[in-house]
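Chain by chain, the residues run as shown.
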Amino acid sequence: MSQTIESKPIFNGNVAEKIRELIKQYDGNEVFLVGTCEPDGTVIAVEPMAFGNKNTVPAPAQNATPGQVLIHNHPSGELQPSEADISIASLYGKAGVGFYITNNDCDAVRVVVKPFFPKEAVPVEFAQLENLFGRGGHLSQTFPAFEFRPQQLAMMGLVTDALNSSKIAVIEAGTGVGKSFAYLAPSILWALANKKRVVISTNTINLQEQLLNKDLPELALQMNVVVKAVLAKGRGNYVSLRRLKYSAGRADLFAEDRNGEINSLMDWAEKTEVGSKSDFPFHVSDDTWEAVMSDKDDCLRAACPTFDKCHFYKSRREAANADIIIANHHLVMADVSLRQENSGNDYVGILPPYDRIVFDEAHNLEEVATKYFTSETSLLAIRRQLFKISRTRDRSGVLHVLYGAVKAHKAASRYPVVGEILPLMAEQILPTREEVETALTMYFEEFFVDSLTFFHADNLKDNERREFRITAAVSGSPYWAKVRELIESMINNLHRLIDQFDRLDTLISRLPDEFLADITEPRLRLFSAARKLKEHDSAMRFFLSADKDDFCRWIELGYRRGRPYIYPTTAPLDISQNLRDALFARKNTVVLTSATLSIEDDFSYFTKQVGLHGGSGSQQAKTKTEGPIGLDQVLDRCEFLKLDTPFDYAKNCIIGIPKDLPAPSAPDFHKKIAPAIVEAIRITEGRAMVLFTSYYALRQVAELCRGPLLQSGITSLQQGEMPRHQLVESFRCARKAALFATSSFWEGVDVQGDALQCLILTKLPFSVPSTPLFEARAEMLERRGGNPFYEIAVPQAVIKFKQGFGRLIRSHSDKGFVLVLDNRVLVQRYGRIFIKSLPPARRSEGSQIDILSEIKRFMLDDFL
């Protein structure tokens, strides 16, 4: 391979001299630099980054951007790139960063990858959108169902500006604004004009399906454009055709007979076009799916014989060619985290490269991000990997399969290393695996029993779970000293096995390629399980070492089917800087939208959560303070917009708040509210949704209401009786039904028209203040001089309250009433915050009798 010496100098004079002096200063060894280039590739400035020896140098390139170049020298003068050079050049070259190798005199340069200078973005002309969606525009003339909404056009304006000007837009858009069209329309135009993709991230599957199957096709038709949109899912949602084929007939991989499921999957795989778990027409057990799903630790990538047919990589190729990618918040968090770990390189993520993203349902972003960065482990999860490796009872598991494959190989006798591999598996790894399971079982059981005693949880019932935080007091107790010893013993035992797997991996890698090709499947599966054991090892170490000021640690105790379990868990107290550094500082455009982002017209609570706030008390996040590098630049890009609902709540909705009900803390609260709920539901003859904050309250009240409602011909539907989507569909179709629900039903449920006319909110949706993470965050806020109740508890509850309220009026023609049975909105000082955060509906306060009478008149159009 010949060296490349440019006809014109690749370094200008000053740069060449600087590199020579640097190399001389470090005794002629390798140095690594990041260079800034002219469009012709000439390096005009360099920044030294790392210093090595005669043969190698680290290659940190955290801040390299498209148009820059990575430079290092080969002291030998031989400029042919090594395998490591090719790997780094490929990784960063895909992100537009060039790669040069020079000699120590800087008079010969090997251009491995030329730098790529991105084209200037083509702006979206807002006039195009005005002509389509404006008053008297094209759509109002050609589509009879189109309805002009000034709020929608205002939101389109800010989204367009954010796309064109690399801004961060925070937009609260009330119900009925039409926010999906408001962000989709400019995103489509920008993606098509620039031939670059835009990512749309949601929190719920329902919204993803609505965007993909309804909103995008309808919008593309109205805009007269062809747009390619795909739904991005995590790797674990797809079947691996190679792993499925290998699993067929391999009874030694499973503890139980799974041939029926495997055969059904084989038949399904012949017909499916998407290969996704959601495409199953039948049930598949967890251990079967784990054996056949796509797994990053057990993937041959381009070397896989089924690569061309691979459903996972097919989905990634489709995403790479898409204009709009629809994903969920968790997948996006995994993607930005992976890029952050790889110095911001845009080509190592889960999603194809993108620099513009819209988060719908953005009020959930902080919670999802926290869950993503939370670490946990358990005996059950570790055992799952140990069982994959080996099961003594029937000598099944992939370790036995690999042992047999190596021993029976036709060339085994020709390679002395086989004489080390087989005894290592049979005489060391296998017994160690048994010892580790025995030891971990004993340690986890001791951990569980000691925790029950210490936290006075001896009365724990089957299928009950409780969480206990590791506070400073706990960590200073004899109990914690014992727990540390137990977990350290777990780590030491697990590490013995991990070390042996590392040794086995080293030995097996000494086999020739032809031999390795014949044992590919069991080898990949074994080391996939080993890598997952390493993750559990890391989770246990992190649980012991996590800083108490930055992280919250707790254990979850419970019984499942009569068997005890314990989950040591570690979560970050504040992910705002993670989001700011990994997301807002790295993406050109970020749009965050939801119907519920503000508290009393103030975005401060949300901006503090996600890292877009410079200080306390700022209405909008533009207050600047001393902080991490890049904070001011991020805040300068923020724009805020609050759009009220276009629905006429004053005309179509009434809120009733009885004054003669007991406080929610009263022992007879459930008995007292049940008659009011029944009478309210009778007004609309069903068509009612009753929302609770706990399953206990739901069960208690639903049971009290079931009989009286049935006497009035009204069916009671209860969450837990059937799957969520089936429950909602049954409610829509039943004309005389009441749906009793909690938790997830406070948001994401869309029932338009007469099917829902009565909404009853039984209690203000405060989070349980004793949860470990809430407690730890409250203490952190107190240390900083804040008020946890007003700065965390109330805002969280208001956001959820607004979400619950939003279930009622879903279109201009909807009409109905909301009954709030928690008198704290009237008698507590913070109650006004809840009321003021709602749309301007008419309010009725007084006795139950007076309120229900007023509501009856309202629903009969007799209200004056």
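Scroll up for the structure.
Residues numbered from 1 in each chain as written. Predicted model: local features only at pLDDT ≥ 70, side-chain atom pairs only at ≥ 80, totals over all residues. Heavy atoms only, no water.

Asks: Help me understand the packing of helix α3 (residues 126-133) against helix α6 (residues 179-194), please; the structure alone is not making it clear to me.
Replies: Two numbers describe a pair of packed helices, the interaxial angle and the distance between the axes. Where α3 contacts α6, the axes come no closer than 11 Å and their chain directions differ by 130 degrees. Judged by the angle between their axes, α3 and α6 are oblique. Judged by the sense of rotation from one axis to the other, the crossing of α3 with α6 is right-handed. Residues Gln128, Leu129 and Phe133 of α3 lie in contact with α6, whose contacting residues are Phe181, Ala185, Pro186 and Leu189. Broken down by class, the residue content of the contact of α3 with α6 amounts to 6 nonpolar, 1 polar and no charged. (Axes fitted to C-alpha atoms, helices over the stretch in contact; angles between N-to-C directions. Helix = DSSP H or I, 4+ residues; strand = E, 2+ residues; numbered from the N terminus. Parallel < 35°, antiparallel > 145°, perpendicular 65-115°, else oblique. Left-handed = near helix turned anticlockwise from the far one by under 90°. Contact = heavy atoms within 4.5 Å. Nonpolar A, V, L, I, M, F, W, Y, C, P; charged D, E, K, R; others polar.)

Asks: Just to check I follow, could you spell out the side chain of lysine 587 for this structure?
Replies: Residue placement: lysine 587 occurs in the loop between α21 (576-584) and β15 (589-594). Within polar-contact distance, the side chain of lysine 587 engages the backbone oxygen of tyrosine 354 at 3.0 Å. (Polar contact = N/O pair within 3.5 Å; in protein donor to acceptor, adjacent residues only side chain to side chain.)

Asks: Would you mind showing me how to read the sheet that holds strand β6 (residues 168-173) here?
Replies: For sheets, the rule is that strands pair by backbone hydrogen bonds, running either parallel or antiparallel. The strand order across the open sheet built from 7 strands is β8-β9-β7-β10-β15-β6-β16, with neighbouring strands paired in parallel fashion. The open sheet has two free edges, formed respectively by β8 (229-231) and β16 (638-643), since each of these has just one partner strand. Strand-to-strand twist in this sheet, taken as the mean axis angle between neighbours without regard to direction, amounts to 15 degrees. With 3 bridges connecting them, β8 and strand β9 (residues 324-328) associate as parallel partners. In the sheet register, leucine 231 faces β9, and the bridge partner there is isoleucine 326. The strands that helix α5 (residues 150-165) touches are β6, β10 (356-359), β15 and β16; relative to β16, the one it contacts most, it runs at about 170 degrees. (Pairing = 2+ DSSP bridges.)

Asks: Can you help me understand the sheet that holds strand β4 (residues 98-102) in this one?
Replies: The mixed open sheet is built from 5 strands, whose spatial order is β2-β1-β3-β4-β5. The two strands at the open ends of the sheet, each matched to only one other strand, are β2 (43-51) and β5 (109-113). Averaged over all pairs of adjacent strands, the angle between strand axes in this sheet comes to 25 degrees, irrespective of strand direction. The pairing of strand β1 (residues 31-37) with β2 spans 7 bridges and is classified as antiparallel. Residue pairing for β2: threonine 36 is matched across the bridge by alanine 45. Lying over the sheet, helix α1 (residues 13-25) contacts β1, β2 and β3 (68-73), oriented at roughly 15 degrees with respect to β2.

Asks: When you look at empty space enclosed by the protein in this model, what are you seeing that I'm missing?
Replies: Space left empty within the atom packing is revealed by a probe, the size of a water molecule, rolled over the atoms. Inspection of the entire model under this criterion finds 2 cavities of 30 Å³ or more. Computed from the structure, the largest cavity encloses a volume of approximately 120 Å³. Breaking the lining of the largest cavity down by element, the ones donating at least two residues are α8 (241-247) and α11 (311-320). In terms of residue count, the dominant contributor to the lining of the largest cavity is α8 (3 residues). When grouped by side-chain class, the residues that make up the lining of the largest cavity number 9 nonpolar, 3 polar and 6 charged. The computed volume of the second largest cavity comes to approximately 30 Å³. Thr377, Phe444, Phe447, Ile487, Met490, Met540, Phe543 and Pro568 together form the lining of the second largest cavity. Contributing elements (two or more residues each) for the lining of the second largest cavity: α16 (418-454), α18 (478-508) and α20 (520-545). (1 Å grid on protein atoms, 1.4 Å probe; cavity = no way out; pocket = protein on both sides within 12 Å on 5 of 7 lines; lining within 4 Å. Points joined across faces, edges and corners; volume = space filled by probe spheres on them.)

Asks: Could you clarify how one ought to interpret the packing of aromatic side chains in this entry?
Replies: Two aromatic rings are characterised by how far apart their centres lie and by the angle between their planes. All told, the structure shown has 29 aromatic pairs when counted by the stated rule. Ring geometry for phenylalanine 280 versus tryptophan 289: centroids 5.2 Å apart, planes at 85 degrees, classification edge-to-face. Tryptophan 289 shares its class with phenylalanine 280; the two are buried. Aromatic side chains phenylalanine 454 and tyrosine 479 sit 4.3 Å apart centroid to centroid with 10 degrees between the ring planes, which places their arrangement in the stacked category. Of the two residues, phenylalanine 454 is situated in helix α16 and tyrosine 479 in helix α18; the sequence distance between them amounts to 25 residues. Given the relative accessible area of 31%, phenylalanine 454 is considered partly exposed. Taken together, Phe766, Phe789, Tyr790, Phe801, Tyr830 and Phe834 form an aromatic cluster joined through their ring pairs. Across from the ring centre of tyrosine 354, 3.8 Å away, lies the NZ or CZ of lysine 587, which sits over that ring. For lysine 815, the ring lying beneath its charged end belongs to phenylalanine 858, and the centroid distance is 4.8 Å. (Phe/Tyr/Trp six-rings, centres within 6.5 Å; stacked < 30°, edge-to-face > 60°. Buried < 20%, exposed > 50% of the residue type's maximum accessible area, 1.4 Å probe, protein only. Lys NZ or Arg CZ within 6 Å of the ring centre and 35° of its normal.)

Asks: Honestly, the pattern of salt bridges in this entry has me stumped. Any pointers?
Replies: Side-chain pairing between opposite charges can occur once the charged atoms of the two side chains come close. Scanning the model with the defined rule gives 49 salt bridges in all. A salt bridge links glutamate 290 to arginine 384, with the shortest nitrogen-to-oxygen separation between them at 3.5 Å. Of this pair, glutamate 290 sits in helix α10 (residues 286-292) while arginine 384 sits in helix α14 (residues 379-389), and the two are 94 residues apart along the sequence. Its relative accessible area of 19% is what places glutamate 290 among the buried residues. Between aspartate 297 and lysine 532 there is a salt bridge, with its nearest N and O atoms 3.3 Å apart. Of this pair, aspartate 297 sits in the loop between α10 and α11 while lysine 532 is found in helix α20, placing the two residues 235 residues apart along the sequence. The residues aspartate 297 and lysine 532 share a single accessibility class, namely buried. (Salt bridge = Lys/Arg side-chain N within 4 Å of Asp/Glu carboxyl O.)

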